[in-house]
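Topology and contacts: notes
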Amino acid sequence: MRIRRTALPALAGAVALTGAVLSTPAEAAGGVVIRHVWFDSPGSDNGSNASLNGEWVEIKNTSSASISLKGWILKDVANHKYTFGNLKIGAGKTMKVRTGKGTDTAATKFQKRSWYVWNNTSDTAILTRANGSKVDDCKWTTSDPSDKKC
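From a predicted model like this one, the values you see are computed outputs, not experimental measurements.

Some details on the overall build of the protein
For the protein, the helix and strand inventory stands at two helices and twelve strands. Starting at the N terminus and ending at the C terminus, the protein contains elements arranged as β-α-β-β-α-β-β-β-β-β-β-β-β-β. Per-residue burial for the protein yields a buried fraction of 43% across its 150 residues. Within the protein, contacts between residues separated by at least 24 positions form 56% of all contacts whose residues are at least 6 apart in sequence.

Quick notes on the pairing of strand β4 (residues 56–61)
Burial analysis of β4 places five of its six residues in the buried class, the great majority of the element. Relative to β4, strand β3 (residues 32–38) runs antiparallel, the two sharing six bridges. Along β4, the bridge assignment pairs V33 with K60.

Describing the side chain of D136
Structurally, D136 can be placed in strand β12 (residues 134–140). Polar contacts involving the side chain of D136 include one to the main-chain amide nitrogen of I34, which spans 2.8 Å.

Here's the deal with the packing of aromatic side chains
In this structure the tally under the stated criterion is five aromatic pairs. Taking the centre distance of 4.9 Å and the plane angle of 10° together, the rings of F39 and W140 count as stacked. Note that F39 is positioned in the loop between β3 and α2 (49–52) and W140 in strand β12, a separation of 101 residues in sequence. Residues F39 and W140 agree in their burial class; the two are buried. Aromatic pair W115 and Y116: ring centres 4.9 Å apart, planes at 80°, arrangement edge-to-face. Given the relative accessible area of 13%, Y116 is considered buried.

Quick look at the nonpolar core
Membership of the largest hydrophobic core comes to 24 residues, with the highest contact counts inside it found for I34, I59 and F84. Secondary-structure elements contributing two or more residues to this core are β3, β4, β9 (94–98), β11 (123–128) and β12. Excluding residues within four positions of it along the chain, F84 makes contact with I59, L69, K70, G71, W72, I73, L74, M95, V97 and L127.

Overview of the state of the cysteines
A full pass over the atoms with the stated rule returns one disulfide. Shown here is the disulfide that connects C138 with C150, its sulfur atoms set 1.9 Å apart. The sign of the -75° torsion about the S-S bond sets the C138-C150 disulfide as left-handed. Of this pair, C138 sits in strand β12 while C150 sits in the segment after β12, and the two are twelve residues apart along the sequence. Neither residue differs from the other here; C138 and C150 are each classed as buried.

Digging into the pattern of salt bridges
In this structure the tally under the stated criterion is three salt bridges. Its salt-bridge partner being R35, residue E58 comes within 3.2 Å of it at the nearest N-O pair. Of this pair, E58 sits in strand β4 while R35 sits in strand β3, and the two are 23 residues apart along the sequence. Looking at E58, the relative accessible area reads 10%, which means it is buried. Its relative accessible area of 37% is what places R35 among the partly exposed residues. Residues D137 and K134 are paired through a salt bridge, measuring 3.1 Å at the closest nitrogen-oxygen approach. Relative accessible area serves as the criterion here: at 2%, D137 is assigned to the buried category.

Quick notes on the rules
Residues numbered from 1 in each chain as written. Predicted model: local features only at pLDDT ≥ 70, side-chain atom pairs only at ≥ 80, totals over all residues. Heavy atoms only, no water. Helix = DSSP H or I, 4+ residues; strand = E, 2+ residues; numbered from the N terminus. Buried < 20%, exposed > 50% of the residue type's maximum accessible area, 1.4 Å probe, protein only. Contact = heavy atoms within 4.5 Å. Pairing = 2+ DSSP bridges. Polar contact = N/O pair within 3.5 Å; in protein donor to acceptor, adjacent residues only side chain to side chain. Phe/Tyr/Trp six-rings, centres within 6.5 Å; stacked < 30°, edge-to-face > 60°. Core = buried A, V, L, I, M, F, W, Y, C linked by side-chain atoms within 4.5 Å. Disulfide = S-S within 2.5 Å. Salt bridge = Lys/Arg side-chain N within 4 Å of Asp/Glu carboxyl O.

Dropping the structure here:
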């Protein structure tokens, strides 16, 4: 569930109390949004590459045109950063950014980290442009990653 900050304050407050996700609006005419964060990989957090890749952030281009992500940054509140290379996300397409190692494709990018990024009980995924302006964020205060559809 995505609650925009422009929602009625009473509704936003009531939803926040239930541990739902709060997010900022994306560009008015469409753009790139954080769609889902799977912050707690399945099974025990043993640090294996498979476990690391079990946590991911999915972004979506909601516009009708490709958008360059060159230099954009995906980070958490502790400032663990992933910087996108010279690539575009196609119109209406999604892309997952996984924590561990792997071979990048158009649909999946890998941070190539050796330890977890996203906190299991509360954190914020923040997407910024290369100039530092915020595009979107996704916050959670629950331990169920299936609830993090932003």
